[in-house]
Amino acid sequence: MKLYRFLSAPDDASFCHKVTAALNKGWHLFGSPTYAYDKKTKTMRCGQAVVKDIEGQEYGPDTKLSDW
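Here the structure is a predicted model, which means the values were calculated and not measured. All residue numbers refer to position in the chain's written sequence, counted from 1. Predicted model: local features are reported for residues with pLDDT of at least 70 only, side-chain atom pairs are reported and counted for 80 or more only, and whole-chain, interface and lining totals are derived from all residues. Side-chain measures here rest on the full set of heavy atoms in the structure, leaving out hydrogens and waters.

**Some points on the UniProt feature "domain: DUF1737" (unreviewed entry) in the protein**
Spelled out, the test is: UniProt positions are given in the numbering used here, feature names are shortened, and annotations may be inferred rather than shown by experiment. Every helix listed is a DSSP run of H or I at least four residues long, and every strand listed is a run of E at least two residues long, numbered separately from the N terminus.
Feature annotation in UniProt places "domain: DUF1737" (unreviewed entry) on residues 1-53, given in this structure's numbering. Helix and strand shares over residues 1-53 are 23% and 58% respectively, and the end C-alpha atoms of the span are 6 Å apart.

**Points about the environment of Arg-5**
Rules: Throughout, exposure labels follow a simple rule: accessible area from a 1.4 Å probe, protein chains only, divided by the maximum for the residue type, with under 20% read as buried, over 50% as exposed, and the rest as partly exposed. Residues count as neighbours in contact if any of their non-hydrogen atoms are within 4.5 Å of one another.
The residue Arg-5 is located in strand S1 (residues 2-10) in this model. Take Arg-5: its relative accessible area is 21%, and that puts it in the partly exposed class. Remark: the alpha-carbon pair of Arg-5 and Val-50, spanning 45 residues in sequence, is separated by 5.4 Å. Discounting residues that sit within four places of it in the chain, Arg-5 has contacts with Trp-27, Gln-48, Ala-49, Val-50, Leu-65 and Ser-66.

This is how it looks when you write it as structure tokens:
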């Protein structure tokens, strides 16, 4: 199965740490990062899609993506 996650965080080190942790767990970058203004918090936020292939598993709506 192919898993997809979209990671987002404020434009600070927490975003880089979140993406780095995913890469170290075998996830791969998918597409370009995003950068947008959050009017509610009046801050900039970053986002990055990541994907991962898992052999021998079936996807279901109860699959907890962060476990992989």
